[in-house]
Structure formats: structure tokens, C-alpha cells
Amino acid sequence: MDLSNMPTRYDASLTEQKWYAKWEEALLFRPVAGSDKPPYTITIPPPNITGSLHMGHALCYPLQDLLGRYNRLLGKNVLILPGQDHAGIATQSVVDKQLKKQGTSAAQIGREKFVERVWEWRKESGDTILNQLRTLGCAFDWSRQRFTLDDRYAEAVLKVFIDWYDRGLIFRGKRVVNWDPKLQTSVSDIETLRETRRGKLYHVRYPYSDGSGEIVIATTRPETMLADVAVAVHPSDARYKDKVGKTLLLPLLNKEIPIIADPYPDPAFGTGAVKITPAHDANDYQVGVRHSLPMPIILDPQARISLEGPYFGLDRNEARKQIVHDLEEQGYMVKIEDHEIPIVISDRSGEVIEPLLSEQWFCDQPALAIPIIEAVKQGQVKFHPARYERIFLDWMENIREWCLSRQLWWGHRVPVYYTEDGTHFAALSWEEAQRKAGDKPIVRQDEDVLDTWFSSGLWPFATLGWPEQSEDLKRFYPTNCLITDRNIINLWVARMMMMGYDLAGGKPFSDVMIYATVMREDGRRMSKSLGTGVDPMEIISSIGADALRYTLLSQTGENQELRYSERKTDEARNFCNKIWNATRFVLMNIEGPVSEPKTLTTVDEWLLSRLYQTEKAVRAAYDGYDIQSACQAMYKFFWSELCDWYIEVSKPRLNSATDKATPQWVLLTALDAFLKMMHPVMPHITEELYSHLPITGKSEFLMSSNWPQLPTIYDLPDSEARIERIFEITRAFRALRAELDLQPIKTIPLAYIEGDLEGNDAVFTSQGWVKEIKFGRPTEGRFVSTTVAGVDIHLPISGLVDTEKELARLQKEEEKAQAEMIKIEARLSNPQFVERAKPEIVEKEQATLESLKNQLEKIVARRTLFEVDSK
């Protein structure tokens, strides 16, 4: 076969971009309009427009591409729909920094000009990550690309808000939220980080107002004492049974606050009494609601003390120092201890989050959660790994109200309009709001924007045209699978399910796959800020996207952490090279298409049976989202069974004019099927090699071909068993050669066999690297023997082995075995060891001793043989 246009070595840079361009030009990324094939849909998790590719992306998005390519090969009409999220806080922060460098600010240029600047930035830099996804080989339908601030998408978001507002599911109220004092906005949990820092635990006296004693209360935030409204104790705490209802004097302010009974305090922790500050702690807020307590706020949005008095205007940290000083001066401080404190940090600003009672827009998630809980319990939506279902349900069954509003300018502005007297109406426009208001003039629109998770909650159906009943929505909703990170199960998966069931008529997807977190080899998390990140684009430029994909995908299954290392990428690159070189070798030994032979040898049947079993295993693994098992099955088949055994066994036949057609056909059949199975993992190299296969009925592209349909006649367990037995015998003979330091590949003249090779003599001679075999036992000369699979193998050693060298080696092995036996025998003869050690440890030692005895017998027999031979 002419291979002049096929490089002798695999070079990803010559292959990957070429094939991606050809696929896109052939419109293979788009579903076929009017097709009667069953649909398969994924709407990708929209990356932020501020984003660039990191290792988590390098796993997440190829997983979606893998499922799309696999289902396309299965004959489905595939849509993998891409897009981006406007990422309110992240994007606003980027442009804020740019303005600062230019000597201005958002406040100076105003809301309208600021939003214009953000749109300009989005046009210049917002598509970086999408272009990187192309480099990864992601076959997404770019013609349907969506953005969460597109006009049609934005209108869908506002319609959902208005619908839920009108139904009472969205309301204005005061709740404790995560407040970022630097960004001046509420933030969601996913936009925060948890850290543990060294801090202080302050033990403060709270005296009874009647002078009858005191309660010592520990706090890590003494500045919040200014907003204390009660002290809580557990109803079962006997220490306070007769104290509930009494009052304490709040230190420094000399204000009376009650002692209340509530399940929140832990009686076993400290004094069992907890100060309650409802406006500055989420748990305290719940206590405040249960007991109808007042909720004074003593911090302003910049986290400065807003309470009139000696601390007014102080930053929270400065206020803490002054309050601690005053508590000590006035005799209220009992002691100060070093203490490890869990801290919540804003991921965007790095500022410590302040729990703060704030008036915001909220959503009644508990009401929306009810049908979701039932749907998951009924199996309408399945989680992979399955353990995440319980995690999801635990959260849903204890769900709280959702803070929807953000104090930003970039995003979906809350569609609520106000009259002069504060009456508000939800509407798509000012004009619609005015019609709803009637005679009262609308004077302003709400300043806040919606939480990004609200708009992204519509992603599976708004991207397909909802609320219009578009053809795409009818055809491709519900989608099939969502692939996402475990950290946003509650923040995103739950919201999509709530919106899908409530607004789009049913589940947004059937399966949720939680992919693993990519860690460094030493187990540390990857982080650009910590300098522990690895840039996937650098890896791709070095070894190619396919090798990077295989590195990550081959570790993806039930495990929820995988380790990235250069060693693994080297192994992946080597596998790419192996696939290339082995395929090229096969093609060098084939002139053109080969007809199916009428008869097959047992080794041919073995390979076809192994191919059949591999396809079965790979298909089951892909269907079960166990990509690691699929990769392991393909690796074993290609490297071990196809290359190490079948190709090597077939080389003599490939050189025979009369025998070559059969192994040629078997090899082409195996390669065709293997490349299709591997295509979802390594799309580029498989497409390139497929293009060179001389097979009849070949598709224009592997990507648009069909999954291998292997007939059941390939399922030949008897042939597998016979050949596996010959390989076992051959491996034992190779091991015997290795013991005698007889180099691999080097042919030796003769071996004797006592037993039946079942007609597979040629396999043994070619792979045992022996010129001739005789059946029976040698009648003269010295020989070494081994027994395996019902066969005795005898290897004559005269003239083959350096007797003196072998005697020296055996002497060392004998001494080593004897020394180890003495140690184990001493342990087993010690009554204390036998009595105190676990039974399984004693059994293991006894088994090791028995093994050493057998080994020693063989060494002595072998040494005796060589000693006789040396004489």
C-alpha cells in the first residue's frame, strides 16, 4: 500500500487542526434537519466569558464531546449546544480593573456607559475559551452558540422572573446574605471560598441584670456584640432550666437582653450559651425568626460600624480591637484563646464575607423543590456516581430561600418598576409596567441585577428557543445528560431542575454526571494563584489534544479525584505513537481491500473474540459513564492482544504469499472497530488513521460512520481459552529463558514439550523464539524444566548457558531464600507472636514460608543440575 502521504512518525500538529477544520466544513457538528434518527442532546455548562481553559475544563468539555461522538456513531441525531455565561461579578470586576488603570471608575462614567464598556470588552476578549474548546477537539454546534445576555435569552429570563413574581414565588424581603464589603454586593456560596485561619476566641462575661451572677459566652467576632438581642440556651440544658426568661446586661451598651430556650445551642460546647445576633449570622437569623426577635444592623455596606456611639464609622477590624480593649478595661473579658476559625472569603475580591441582614429579592425554593424531590426518588433523573443522589436530596429536603439579587450593573436587571409611593410591578419594559400601574407614574426601575445562577437555570431550554415552542425545543428537549462539577450540584443542577419541571414541562435532562476534580500528582489542588496550575494549552501544543484527552479521560469513572502528572501524559503520548506505528505497520503489509476468508486459524478466532468482548465492554462502559473502564479495555486490546501477540504471531503469515490474506483481513477488521471505539476519546488520530484504511464501504469520515457491529459468531470463548492457554505456556517458557539470561527475540535451537499444544505449535515457536520443538522428554544432556497448563517444558542448556555464572546466581538466590526463611520461622516459633498477631497475618507468614520452601527446592534442584553439568 502506498504510504507516501502518511508520515513515519505521528505528529499531532499535522493532524488535529486539519481534521477539525474538515469536520466543521462538512457540517458534522450540526444535527441533521428533518432526520428521523433519535435525538441526543447536551447543552454544555456555559463557561464564563472571562474564562480561559484550565484542567477542569480540559476534562469536563471533552467528556461532553465524547458522549456526542459516541452517540453519533450509534446512529443518533446529535446536538451539543455551546454558549457562554455573562458571569456578572467576574466580568464586572475585569472591567472595573481596566477603568482603574485608565484613571476612572464605574461610578464616574455611570451605569449606561459602564455597560457599554463591558460589551466592548466582551467583543474583544470574551470568546477566548470557546476557541480553546475547538483546539480540544470539541465537536459543538457553533451555529447555535448562545449567550446568557442575548436578546432572546434575556427576554426568557425576565419572563421567568415575572411569572414567578406574579405567582408569589419571588418576593422582596430581608434575610442574612453573603455580603462582600469590597464589591458591595451579595454573593452566592459558589462565589466564596472556605479557609481556616488562626484567630482568637474571646470569653466575655454577660451579667444577669438582677445582679445574681453571670454567663460567660465565647465569640470569635466581638464587634457583633453591639447587635446582640438575646442569649440562647438549649431547652434540655439543666444548668439554665430556671434561667430562661431572665435578662442579661449586654456588655458595653448596658442594655437588657433576654435568655431564650432554642435547639440551636450545643449544651456540650463551652457554657452551652450562645449570643444571638440575627442581623449578622445566618443561624442566629433563624433563631430570631423563631422567637420574633428584633434584628438591628450595626454594619454598613462597607463593613463599618453604623451604630451611633464611640465605635461609629470604625472598620469592623478596627472596631474589634477597640471593643476588645474596652471589654478588658471594664472587666468583662475573662480570657482570650488562640483558635482556628473557619472563614468565608469572596472568591472575586479576596475580602472576608460579612453575613449581613439585607433587603433583597428572594425565591421560594422550598415550594419549587417538592416535585424535584419526588422526580429524583422515582428515577426520572439519575446521578452518576449514584452516591450524589443522596447528597442532592439532602440539600433539597432542607432547602432555603434563594437570594436572587446582586448589587451590580452587568447582568439581567431586575424587571421591577416602582411608582412614587413604592408600589412595584414586574414587567418586560417600562411601558408595560406603566400600563400595569395605571394612573400612577412609574419613576424608576430596580437597580439590582439577577444572580447569574438564575439566568443559567434556564440553560437547557432557553437555549433551544423557549418560551417559543421552537422546532429545536420540540426536537431536543429534554436533553440527555448534564456533565458538571460536584460543587454546583445545589447551585445549578437544582435550579435547572426547578425551572425545567416548573416552566418547560418536565425534566431538563435524564442523567447528571459529576466529573472528577483534577489534582496535581502530589494531591494538591490546581490553582493559578498558588502557582500549582498546569496550562492545558501548553500540553496541547507539546503533545496534542488527543494525548491530553486520553490522560484525563482514562482516569474518569467512579473516582472523584484524579491525579495529573507529566508521567501520565508521556504514557498517553506513547499510546498515540503505538496506535500510529502499529497501524502503519499493518498498512505496509496490505496492498488493498481484502475479502473475508472462508477459514480462520484458532489465533484468528481468538483475536476476533477478544475484539467482540472488548466492544461489548467499551459500549457498556460508555453507557455507564465509566470512561476509565472503556479506556482500560481498549488499551489492553490494542497494546497487549493486538500488538504484543496477534501481530507478532502473524508476521510469518504476513510474509507468506499464500497465507497473508487471512491475517490481513483480521487486522483490518480489528483496526476498523478499534478506531471507532477509540474515536470518542481520541478523535483526531483515529480519524487520520481511518482515512488510510483500505476497507470497502468506508464512510467519508470516521466521525460520521457507524459504531462497529460485530456478529455473534465472533464470540468464541473456546478459541479464546485455547489460545490463552498457549500464551500462558509461552509466557512460562519466556520466563524460563529469562531465568537463564537467554535474551528475548534471540532464537534458540530446541525445546521439548510433554503435553498437547492443540495444533498451535507455530504460536509457541514464534513467540517462544525457538527454532524447533520435539514432543517428549530429552533422553540425554542437561536441561531445565517448568510445568504450566498441563504441559511440561524442557529446555536443553548445553552450549546455551554460562554454567559458572548461573551457579553464582543460584547461590545468591539460595542464600537470600534461606535467610528469609530463618526470619519467618523465628517469628512463627515465637508463642507471643502467634498469640498476639491477627490470624490473617499469621496465615500470611505461613503461606510465605511454604512458598519459600518450594522456591528453595527448585533452586537446589537447578543448582544441582548445573553443578553436575559443570563437572
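Here, every reference points to the structure presented above.
In this report, the structure presented in the accompanying data block is examined. Starting afresh in each chain, residues are numbered from 1 along the sequence in its written order. The predicted origin of the model limits local features to residues at a pLDDT of at least 70 and limits the giving and counting of side-chain atom pairs to 80 or more, whereas totals for whole chains, interfaces and linings rest on all residues. Note: side-chain values were computed over all heavy atoms of the structure, leaving out hydrogens and water.

**Description of the overall build of the chain**
Then, number 1: Summing up its helical and strand segments, the chain has 27 helices and 29 strands in all.
Then, number 2: When we talk radius of gyration, it's over C-alpha atoms, and the globule rule is simply 2.2 Å times the number of residues to the 0.38. For the chain, the C-alpha radius of gyration of 36 Å lies well beyond 29 Å, the compact-globule estimate for 871 residues.
Then, number 3: Projecting the C-alpha coordinates of the chain onto the three principal axes gives extents of approximately 110 × 80 × 55 Å.
Then, number 4: Under the scheme applied here, a residue whose accessible area is under 20% of the maximum for its type counts as buried, over 50% as exposed, and between as partly exposed, the area being computed with a 1.4 Å probe on protein chains only. Among the 871 residues that make up the chain, the fraction classed as buried is 52%.
Then, number 5: The method behind every accessible area is Shrake-Rupley, applied with a 1.4 Å probe, and residues are considered shielded solely by the protein chains displayed. On the chain, roughly 39300 Å² of surface is accessible, and the fraction owed to carbon and sulfur atoms is 48%. A helix here means a DSSP run of H or I that spans at least four residues, while a strand means a run of E at least two residues long, and both kinds are numbered starting from the N terminus.

**Some details on the sheet that holds strand β8 (residues 214-219)**
Strands in a sheet are paired, the pairing made by backbone hydrogen bonds, and the direction either parallel or antiparallel.
Then, number 1: Strand pairing follows a simple DSSP-based rule, namely that at least 2 bridges must link the two strands. Within the open sheet, the three strands sit side by side as β8-β7-β13. Their pairing is antiparallel. Whereas interior strands pair on both sides, the edge strands pair on one side only; in this sheet they are β8 and β13 (333-346). For this sheet, the mean angle separating the axes of adjacent strands, direction not counted, is 20 degrees. Think of each axis as a best-fit line through the C-alpha atoms, taken over the contacting stretch in the case of a helix, with angles from 0 to 180 degrees between the N-to-C directions.

**Description of the environment of Leu-307**
Then, number 1: Secondary-structure assignment places Leu-307 in the loop between α7 (282-291) and α8 (316-329).
Then, number 2: Sequence spacing of Leu-307 and Leu-226 is 81 residues, and the spatial spacing of their C-alpha atoms is 8.1 Å.

**Focus on the environment of Tyr-311**
Then, number 1: Checked against the element boundaries, Tyr-311 lands in the loop between α7 and α8.
Then, number 2: For the pair Tyr-311 and Leu-226, spaced 85 residues apart in sequence, the C-alpha to C-alpha distance is 9.7 Å.
Then, number 3: The contact definition used throughout considers only heavy atoms, calling two residues in contact when any of these lie within 4.5 Å. Not counting chain neighbours up to four residues away, the residues in contact with Tyr-311 comprise Leu-226, Leu-252, Ile-305, Gln-322, Ile-323 and Asp-326.

**As for a positive patch on the surface**
Then, number 1: Exposure above 30% relative accessible area and the absence of a salt bridge qualify a residue for a patch, where like charges join within 9 Å and nonpolar side chains (Val, Leu, Ile, Met, Phe, Trp, Tyr) within 5 Å. The rule for a salt bridge is simple: a side-chain nitrogen of Lys or Arg has to be within 4 Å of a carboxyl oxygen of Asp or Glu. Here the positive residues are Lys and Arg and the negative ones are Asp and Glu; neither His nor the chain ends is included. In plain terms, the charge of a residue is placed at NZ if it is Lys, CZ if Arg, CG if Asp and CD if Glu. A cluster of basic residues, Lys-97, Lys-100, Lys-101 and Lys-182, forms a positive patch at the surface.
Then, number 2: Relative to the helices and strands, Lys-182 resides in the loop between β5 (170-180) and β6 (185-187).

**Structural notes on the sheet that holds strand β11 (residues 255-261)**
Then, number 1: Spatial ordering of the open sheet is given by β10-β11-β9-β12, a layout of four strands whose pairing is mixed. Single-partner strands in this sheet number two, and they are β10 (247-250) and β12 (273-276). Direction aside, the axes of adjacent strands within the sheet are offset by 35 degrees on average.
Then, number 2: Strand direction decides the pairing type here: β10 and β11, joined by four bridges, are antiparallel. When the bridges of β11 are listed, Leu-248 appears paired with Ile-257.

**What about the pattern of salt bridges?**
Then, number 1: All told, the structure shown has 58 salt bridges when counted by the stated rule.
Then, number 2: Measuring nitrogen to oxygen at the nearest pair gives 3.6 Å for the salt bridge that ties Arg-567 to Glu-521. Of this pair, Arg-567 sits in helix α18 (residues 566-588) while Glu-521 sits in the loop between β24 (517-520) and α16 (536-543), and the two are 46 residues apart along the sequence.
Then, number 3: Its relative accessible area of 42% is what places Arg-567 among the partly exposed residues.
Then, number 4: Here Glu-845 and Arg-827 are joined by a salt bridge, their closest N and O atoms 2.5 Å apart. Of this pair, Glu-845 sits in helix α27 (residues 839-870) while Arg-827 sits in helix α25 (residues 803-828), and the two are 18 residues apart along the sequence.
Then, number 5: With a relative accessible area of 33%, Arg-827 lands in the partly exposed category.
Then, number 6: Connected through salt bridges with shared partners, the residues Arg-198, Lys-200, Asp-338 and Glu-340 form a single ionic network.

**Quick notes on the side chain of Glu-16**
Then, number 1: Note on placement: Glu-16 falls in helix α1 (residues 12-25).
Then, number 2: No salt bridge is formed by the buried Glu-16. Its closest oppositely charged neighbour is Arg-549, at 7.9 Å.
Then, number 3: Residues in contact with Glu-16, not counting those within four places in the same chain, are Tyr-10, Gly-544, Ala-545, Asp-546 and His-684.

**A look at the nonpolar core**
For soluble globular proteins, the rule of thumb is that nonpolar side chains tend to be buried together.
Then, number 1: Grouped together as the largest cluster of nonpolar side chains are 135 residues, with contacts concentrated most on Leu-133, Tyr-622, Val-681 and Phe-764.
Then, number 2: No other element matches helix α20 (residues 627-654), which puts 14 residues into this core.
Then, number 3: Apart from the residues within four sequence positions on either side, Leu-133 is in contact with Ile-44, Leu-53, Tyr-61, Cys-138, Phe-140 and Trp-142.
Then, number 4: Nonpolar cores were defined as sets of buried Ala, Val, Leu, Ile, Met, Phe, Trp, Tyr and Cys residues, with membership established by side-chain atoms within 4.5 Å. Formed by 61 residues, the second largest nonpolar core is a distinct cluster that contains Ala-156, Tyr-418, Phe-476 and Ala-494.

**Section: the side chain of Asp-284**
Then, number 1: Of note, Asp-284 is situated in helix α7.
Then, number 2: Here Asp-284 sits buried without a salt bridge, and the closest side chain of opposite charge, Lys-275, lies 5.8 Å off (N-O distance).
Then, number 3: Not counting residues within four places of it along the chain, the set of residues in contact with Asp-284 comprises Tyr-264, Lys-275, Ile-276, Thr-277 and Pro-278.

**Section: unusual backbone geometry**
Then, number 1: Between His-384 and Pro-385 the backbone carries a cis peptide bond, its omega angle lying at -5 degrees.
Then, number 2: As for its placement among the helices and strands, Pro-385 is situated in the loop between β15 (382-384) and α10 (387-397).
Then, number 3: Cis geometry is found at the peptide bond from Tyr-477 to Pro-478, where omega equals 0 degrees.
Then, number 4: Structurally, the position occupied by Pro-478 is in the loop between α14 (471-476) and β22 (481-484).
Then, number 5: A positive phi is found at Leu-27, a non-glycine position, where the angle reads about 60 degrees.
Then, number 6: Here Leu-27 lies in the loop between α1 and β1 (39-43).
Then, number 7: On the accessibility criterion, Leu-27 (46% relative accessible area) is partly exposed.
Then, number 8: A positive phi angle, near 60 degrees, is found at Asp-741, a position not held by glycine.

**Focus on empty space enclosed by the protein**
Then, number 1: Buriedness for pockets is judged along seven lines, at least five of which must meet protein on both sides within 12 Å for an open set on the 1 Å grid over protein atoms alone, while cavities are sets there where a 1.4 Å probe fits but cannot get out, and lining residues have an atom within 4 Å of a point. Grid points are joined across faces, edges and corners, and a volume is the space filled by probe spheres set on the points. Scanning the entire structure with this criterion turns up one cavity of 30 Å³ or more.
Then, number 2: There is about 50 Å³ of room inside the largest cavity.
Then, number 3: Every residue lining the largest cavity is listed: His-86, Gly-88, Ile-89, Glu-191, Arg-406, Leu-408, Trp-410, Gly-411, Val-449, Leu-450, Asp-451 and Thr-452.
Then, number 4: Those elements that provide at least two residues to the lining of the largest cavity are α3 (88-101) and β21 (449-450).
Then, number 5: Tallied by class, the residues present in the lining of the largest cavity amount to five nonpolar, four polar and three charged. Polarity classes work like this: nonpolar for Ala, Val, Leu, Ile, Met, Phe, Trp, Tyr, Cys and Pro, charged for Asp, Glu, Lys and Arg, and polar for all others, with Gly in that last group.

**Observations regarding helix α19 (residues 602-623)**
Since there are 3.6 residues in each turn of an α-helix, residues three or four apart along the chain are aligned in direction.
Then, number 1: A helix is expected to reach a length of 1.5 Å times the quantity of its residues less one. The end-to-end C-alpha distance of α19, which contains 22 residues, comes to 32 Å, matching closely the 32 Å that a straight helix rising 1.5 Å per residue would cover.
Then, number 2: Looking one or two places after α19, you find Tyr-625, whose phi comes out positive at around 60 degrees.

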